[in-house]
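Single-letter residue listing:
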Amino acid sequence: QEKPTPYDEAVSLIWYLENVFYHAAGRMRSFLKQQLKEAICYENPVIQMGFWPGGDRDGNPFVTVDTTVRVADSLRTAILKCYYLDVRKLRRRLTFKGVTKPLADLEKVLYDNVFIPGQRTLLSQRDLLETLLAVKKTLKANHNGLFVELVENLLSKIEIFGLHFASLDVRQDSSVHAALWQQLGKTPGLLPSGYDDFDDAQKIAALSEVKPAQLDSLAIEDAVQLDTLKTVAAIQSIQSFNGVAGCHRYIISQCHGAVNVMEVFALFLLAGYQPQDI
């Protein structure tokens, strides 16, 4: 009846992650792990999913920082719901001593994160993996390895999808970053005076020395420029709950040189990131 919002479009595509890719990728990785045990490990998930709806400002001008945060939260909720359903099935099947309690505890944590409003705890991918690896070890040591393949399948899914399901890509045009830094240059002490007249080498040197600043202290009135600043700050929040892989690619449309890259690098410095973490 009416045009869908960028968030609506993202939610409709998350359905395919939940109902197609989640199951197919888990089976594929489990099969590969059986054949290539030494090559398939935590550091090599083999399959990685990307997701641009909700992060691509250049492709859809109606995408805002609120959209990006909501989509990232929906991706996290969707993957935790998938894990919750799988853990619930496991708990009903694995009624063995030493296995029931850790699965019940894990089920409760996942339930709270998915179904209780505001109950978003700082889970980690490692937490989930360690619990299931302990269950797998108990099955092998005390229960003849019964149903260990079911645990292996869930481990494969967690190693692929983490807490983010798919990496949310952020994309913005280089002209927006250039205009933003022209405006930011008016903030005393942020950039050297005369920045607009610098050559590329001088601009790169100046941008590499940008210090963290409070967003409220920056006189930015343009809506797109302000959204760009807020988006960089939001990425840090998304990573704290979804993991670094949840939002770790920033794509620069119409990137013409190193200055365009450094303009984005400096935005992350401004938001408080350490150079080695960008």
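Residues numbered from 1 in each chain as written. Predicted model: local features only at pLDDT ≥ 70, side-chain atom pairs only at ≥ 80, totals over all residues. Heavy atoms only, no water.

1. Digging into the pairing of strand E2 (residues 167–173)
- Counting buried residues in E2 gives six out of seven residues, a clear majority hidden from the surface.
- Note that strand E1 (residues 50–51) and E2 share two bridges and pair parallel. Its bridge partner being in E2, Phe 51 is matched across the sheet by Leu 168.
- Examined bridge by bridge, E2 and strand E3 (residues 249–253) share five bridges and lie parallel to one another. (Buried < 20%, exposed > 50% of the residue type's maximum accessible area, 1.4 Å probe, protein only. Helix = DSSP H or I, 4+ residues; strand = E, 2+ residues; numbered from the N terminus. Pairing = 2+ DSSP bridges.)

2. Re the packing of aromatic side chains
- Following the criterion strictly, the structure yields eleven aromatic pairs and no others.
- Ring geometry for Tyr 22 against Tyr 83: centres 6.2 Å apart, planes inclined by 50°, an arrangement best described as tilted. Residue Tyr 22 is located in helix H1 (residues 6–35), and its partner Tyr 83 is located in helix H2 (residues 65–93); the two are separated by 61 residues in the primary sequence. Across the pair, exposure class does not vary: Tyr 22 and Tyr 83 are buried alike.
- Measuring from ring centre to ring centre gives 5.2 Å for Phe 268 and Tyr 273, while their planes differ by 75°; the resulting arrangement is edge-to-face.
- Ring-pair connections join several aromatic residues into one group, and the members of that group are Tyr 22, Tyr 83, Phe 161 and Phe 165.
- Cation over ring: Arg 70 sits above Tyr 7, and NZ or CZ is 3.7 Å from the ring centre.
- Taking NZ or CZ as reference, Lys 203 lies 5.5 Å from the ring centre of Tyr 195, over its face. (Phe/Tyr/Trp six-rings, centres within 6.5 Å; stacked < 30°, edge-to-face > 60°. Lys NZ or Arg CZ within 6 Å of the ring centre and 35° of its normal.)

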